[in-house]
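Structural description and commentary
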Amino acid sequence: MSIFIEYIVRLLNFIAPKQCVVCGKRLTISEDVICAVCNLHMPRTLFSKNPYENKMAKLFWGQIKIEKAAALFFYEPHSEMSRIILSLKYFNHPETGELMGRMLAEEIRQDGFFDGIDLIIPIPLTKKRQRERGYNQSMEIARGINEITKIKIVGNAVKRKSFKQSQTKMNRWQRQDNVKDVFSIDKEHDLDGKHILLIDDVVTSGSTIISCAQKISAHYNNIKFSVLSLGFTKN
Ligand SMILES: [Zn+2]
């Protein structure tokens, strides 16, 4: 964003009161992104209460060296809660990611979810997609998590080479094939023996995470992974 546009956006936020991204209700000063009522009705997964053995963690069993997995809410396309993800990915609201990341981190750190994690790697977008969107939503979520936990973000360890085709209509196996080899190592970091937290906006089949994690594991020694996302697709 140019400095001028950024200034206009800030000005608009100042003049126009912020609204709940889910129900559209005007937010009070103490509310961020979603109102207290929508927050109360959010279909929380509570996976962080059982981080080693939940539906999400099981997606990764036998695929990568998985430790913990958690997501804030159950995601259903076209549901009211899906507006959080729409706002973040398609309506140019990177701050939704940061604020939701903070909220998520604050909720699950009490469960000890972040204990033992050395660093955060947000799942990257392709260069083209990031240019179009202007930001990487997973990085924005990671930023919010970093503000609460102070765990370092490494944003350039992996890059995404190509995006073959949209995954929305594919089954789990087709998805896995579609994302195979789309990640590659970007900059070298001292990652041997580290416990890495991978961040994505929504986890569905887990295939994107698996592909990214496998690439990192193939390059470094003795890596462990945990996975965290805002949404976990219920199916
Ligand atoms: Zn609301």
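Conventions used here
- Residues numbered from 1 in each chain as written.
- Predicted model: local features only at pLDDT ≥ 70, side-chain atom pairs only at ≥ 80, totals over all residues.
- Heavy atoms only, no water.
- UniProt positions renumbered as here; feature names shortened; annotations may be inferred.
- Domains from an automatic or database assignment.
- Contact = heavy atoms within 4.5 Å.
- Buried area = accessible area lost by both parts, 1.4 Å probe.
- Salt bridge = Lys/Arg side-chain N within 4 Å of Asp/Glu carboxyl O.
- Nonpolar A, V, L, I, M, F, W, Y, C, P; charged D, E, K, R; others polar.
- Core = buried A, V, L, I, M, F, W, Y, C linked by side-chain atoms within 4.5 Å.
- Buried < 20%, exposed > 50% of the residue type's maximum accessible area, 1.4 Å probe, protein only.
- Helix = DSSP H or I, 4+ residues; strand = E, 2+ residues; numbered from the N terminus.
- Donors = N, O, S within 2.8 Å, 3.2 Å for Na, K, Ca; no water.
- Tetrahedral: all angles 85-135°; square planar, octahedral: opposite > 155°, others 65-115°.
- Expected span 1.5 Å × (residues − 1).

If you look the protein chain up in an unreviewed UniProt entry, it shows as Competence protein ComF from Xylanibacter rarus. For the record of the protein chain, the UniProt heading Sequence similarities (unreviewed entry) holds the text "Belongs to the ComF/GntX family."

**A word on the domain arrangement of the protein chain**
Domain annotation of the protein chain identifies domain 1 (1–41) and domain 2 (43–233). Put simply, the middle of domain 1 and the middle of domain 2, counted by C-alpha atoms, are 25 Å apart. With nine residues of domain 1 at the contact, the number on the domain 2 side is eleven residues. Of the roughly 910 Å² buried at the junction of domain 1 and domain 2 (both faces included), carbon and sulfur atoms supply 63%. When the buried surface of domain 1 facing domain 2 is broken down by residue, Val-21, Val-22 and Val-33 rank first, second and third, together holding 51% of it. Put simply, domain 1 and domain 2 have zero salt bridges between them. Class assignment of the residues belonging to the side of domain 1 that touches domain 2 gives a composition of six nonpolar, two polar and one charged.

**Looking at the nonpolar core**
Ranked by size, the top nonpolar core spans 71 residues in total, and within it Phe-60, Ile-121, Leu-198, Ile-216 and Leu-228 carry the most contacts. Per-element tally for this core: the top contributor is strand 1 (residues 66–75), with eight residues. Two domains each donate at least three residues to this core, and these are domain 1 (1–41) and domain 2 (43–233). Filtering out sequence-adjacent residues up to four positions away, Ile-216 remains in contact with Ile-121, Val-158, Ile-185, Ile-196, Leu-198, Ile-223 and Phe-225.

**Concerning the coordination of the zinc ion**
For the zinc ion, the full set of protein donor atoms is Cys-20 (SG), Cys-23 (SG), Cys-35 (SG) and Cys-38 (SG), at a range of 2.3 Å. Around the zinc ion, the four donor atoms are arranged such that angles at the metal cover 104 to 117 degrees; this shape is classified as tetrahedral. When the donors of the zinc ion are listed by position in the chain, the intervening gaps give C-x2-C-x11-C-x2-C.

**Focus on unusual backbone geometry**
At Asn-92, a residue that is not glycine, the phi angle is positive and equals roughly 55 degrees. Note on placement: Asn-92 falls in the loop between helix 4 (82–90) and helix 5 (94–108). In this structure Asn-92 comes out as partly exposed when scored by relative accessible area, which is 43%. With a phi angle near 65 degrees, Lys-150 is a residue other than glycine that sits in the positive phi range. Relative to the elements of secondary structure, Lys-150 occurs in the loop between helix 7 (137–149) and strand 3 (152–153).

**Some words on helix 9 (residues 207–219)**
Counted at 1.5 Å a residue, the expected span for helix 9 with its 13 residues is 18 Å, and the 19 Å between its end C-alpha atoms agrees. Turning to helix 9, its buried residues number three or more, namely Ser-207, Thr-208, Ile-209, Ile-210, Ser-211, Cys-212, Ala-213 and Ile-216.

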